[in-house]
Amino acid sequence: MALPMASLVNDPARNLQSFRLFLKNSTEHQCMRELVERQLPAVIESIGKGKSTINILSVGGGSGEIDLEIISKVQAIYPGVTINNDVIEPSDGQIVKYKEHVAEKSNLENVKFTWHQETSYEYERRMNAEKKSKKWDLIHMVQMLYYVEDILATVQYFHSLLEAQAKLLIIHSSGTSGWEALWKKHGSSFPSDAICTYVSSADIKRVLDSAGLKYQLHELPSYFDITSCFIEGNKDGELLLDFLTQTCEFSKNAPPELKHQVMEELRKPECSEKRDGKVLFHNNLSLIVIEP
């Protein structure tokens, strides 16, 4: 008998395992690296003008792969400058991985890392309690606005911490992705959780427009191989279905009708395409660049 469906965030180990499998099966980080390579130089060319130190704040830095790519690009534009890189990340496992990645990388002599194991809201509350409002030259949020209760309040708070020439970068699931199609149709059937809520860049754009914030929007194509999800009993496929639905052991615990509907939805052109015998989920990303 199927157990009641539970949110994936209630099982941190399985959540992290499914997320890492998603990264392995998707072009997510490759897409972000291309973004850093092509789009970032023009975005950050003014943030360090006349400065001997550049302050970067990573909100939800995860295991640090993309953070280190961003730092490398800042170093290329401002060689020799000192960089203070603060990281807000609630997951202990992700911070451990981040530190491992830092230890493996050379050319970080001029970079000082500080990790804050807390959520963005806990960071904001702590800064307010300590009456601190440190300003930053670059703040970036990569795939983390699913985990905040109030997107507008979160963006406005970190926007208030920007220096005059600074930028706030948001990389997030696009409104043109398969996530949008899957979650707008079936999200209400998945376990609701106060910690994690599906939003797309289209939702974020509406929030920014309502607040009158100036921004630029860039779309980034990406895909995610979900072929194994259609192989009954495949362990990787089950983990990836957990990730797609944010449901712990979805294959075992979802009502049969819901599972059938989700599997059908994942095959539709709004969600995926077939290429070379594989089912590739549309994992398109948006880059939003917000001005001070």
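Below is a short write-up of the structure. (Residues numbered from 1 in each chain as written. Predicted model: local features only at pLDDT ≥ 70, side-chain atom pairs only at ≥ 80, totals over all residues. Heavy atoms only, no water.)

### A word on the pattern of salt bridges
A side chain with one charge can pair with a side chain of the opposite charge if their charged atoms come near.
Now for step 1: All told, the structure shown has 19 salt bridges when counted by the stated rule.
Now for step 2: The shortest N-O distance in the salt bridge between Glu 238 and Lys 235 comes to 4.0 Å. In this pair, Glu 238 and Lys 235 are both assigned in helix H10 (residues 235-245), 3 residues apart and thus about one turn of the helix distant.
Now for step 3: Assessed through its relative accessible area of 56%, Lys 235 is described here as exposed.
Now for step 4: It is possible to trace a salt-bridge network through shared partners that takes in Glu 118, Arg 126, Glu 130 and Lys 132. (Salt bridge = Lys/Arg side-chain N within 4 Å of Asp/Glu carboxyl O. Helix = DSSP H or I, 4+ residues; strand = E, 2+ residues; numbered from the N terminus. Buried < 20%, exposed > 50% of the residue type's maximum accessible area, 1.4 Å probe, protein only.)

### Notes on unusual backbone geometry
Now for step 1: Of note in the backbone geometry, Asn 107 takes a positive phi value of approximately 65° without being a glycine.
Now for step 2: By secondary structure assignment, the location of Asn 107 is in the loop between helix H5 (92-104) and strand E4 (111-116).
Now for step 3: Of note, Gln 246 is a non-glycine position whose phi angle comes to about 55°, a positive value.
Now for step 4: Taking relative accessible area as the criterion, Gln 246 reaches 11% and is therefore assigned buried.

### A look at the sheet that holds E4
Now for step 1: On the basis of which strands lie adjacent, the open sheet formed by 7 strands has the order E4-E3-E2-E5-E6-E12-E7 and mixed pairing. Bordering the open sheet on either side are E4 and strand E7 (215-220), each of which pairs with just one other strand. Across the sheet, the mean angle from the axis of one strand to that of its neighbour is 15°, orientation sign disregarded.
Now for step 2: Where strand E3 (residues 82-88) meets E4, 6 bridges bridge the pair, whose relative direction is parallel. Bridge pairing in E4 places Asp 86 opposite Thr 114.
Now for step 3: Each of strand E2 (53-59), E3, strand E5 (136-142), strand E6 (162-173) and strand E12 (285-290) touches helix H7 (residues 151-159); the most contacted strand, E6, lies at about 150° to it. (Pairing = 2+ DSSP bridges. Axes fitted to C-alpha atoms, helices over the stretch in contact; angles between N-to-C directions. Contact = heavy atoms within 4.5 Å.)

### Observations concerning the packing of aromatic side chains
Now for step 1: Under the defined criterion, the tally for this structure stands at 19 aromatic pairs.
Now for step 2: Measuring from ring centre to ring centre gives 4.9 Å for Tyr 157 and Phe 158, while their planes differ by 75°; the resulting arrangement is edge-to-face.
Now for step 3: Take Phe 158: its relative accessible area is 1%, and that puts it in the buried class.
Now for step 4: Both rings, one in Trp 179 and one in Phe 243, keep their centres 5.7 Å apart while their planes meet at 80°; by these two values the pair is edge-to-face. One end of the pair, Trp 179, is in helix H8 (residues 178-186); the other, Phe 243, is in helix H10, and 64 residues separate them in sequence.
Now for step 5: Look at Trp 179 and you get buried, because its relative accessible area is 10%.
Now for step 6: Here a set of aromatic residues connected by ring pairs shows up, and it is made of Phe 19, Phe 22, Trp 179, Phe 224, Phe 243 and Phe 281.
Now for step 7: Of note, Arg 275 hangs over the ring of Tyr 223, and the distance from its end group to the ring centre comes to 5.4 Å. (Phe/Tyr/Trp six-rings, centres within 6.5 Å; stacked < 30°, edge-to-face > 60°. Lys NZ or Arg CZ within 6 Å of the ring centre and 35° of its normal.)

### Details of the packing of helix H2 (residues 28-38) against helix H4 (residues 65-77)
Now for step 1: Between H2 and H4, the least distance of the axes is 10 Å, while the angle of their chain directions is 15°. One element, H2, and the other, H4, form an angle in the roughly parallel class. Both H2 and H4 take part in a crossing whose hand is right-handed. Contact residues: His 29, Met 32, Arg 33, Val 36 and Glu 37 in H2; Glu 65, Ile 66, Glu 69, Ile 70 and Lys 73 in H4.
Now for step 2: Split into classes, the residues belonging to the contact of H2 with H4 amount to 4 nonpolar, 1 polar and 5 charged. (Parallel < 35°, antiparallel > 145°, perpendicular 65-115°, else oblique. Left-handed = near helix turned anticlockwise from the far one by under 90°. Nonpolar A, V, L, I, M, F, W, Y, C, P; charged D, E, K, R; others polar.)

### Describing the sheet that holds strand E11 (residues 278-282)
Now for step 1: Taking strand neighbours across the sheet as the criterion, the 3 strands line up as E8-E11-E10 in an open arrangement whose pairing is antiparallel. At either margin of the open sheet sits one strand with a lone partner, and together these are strand E8 (223-225) and strand E10 (272-275). Strand-to-strand twist in this sheet, taken as the mean axis angle between neighbours without regard to direction, amounts to 35°.
Now for step 2: Bridge analysis of E8 against E11 gives 3 bridges, and the strand direction is antiparallel. By the bridge assignment for E11, Phe 224 is matched with Phe 281.

### Digging into the pairing of E6
Successive residues of a regular strand alternate their side chains across the two faces of the sheet.
Now for step 1: Within E6, 9 of the 12 residues are buried, which leaves the element mostly enclosed by the surrounding structure.
Now for step 2: Here E5 pairs with E6 via 6 bridges, running parallel. Across the sheet, Met 141 pairs through a bridge with Ile 170, a residue of E6.
Now for step 3: With respect to chirality, the unit in which E5 leads through H7 into the neighbouring parallel E6 is right-handed. (Right-handed = clockwise from strand over helix to strand, strands pointing away.)

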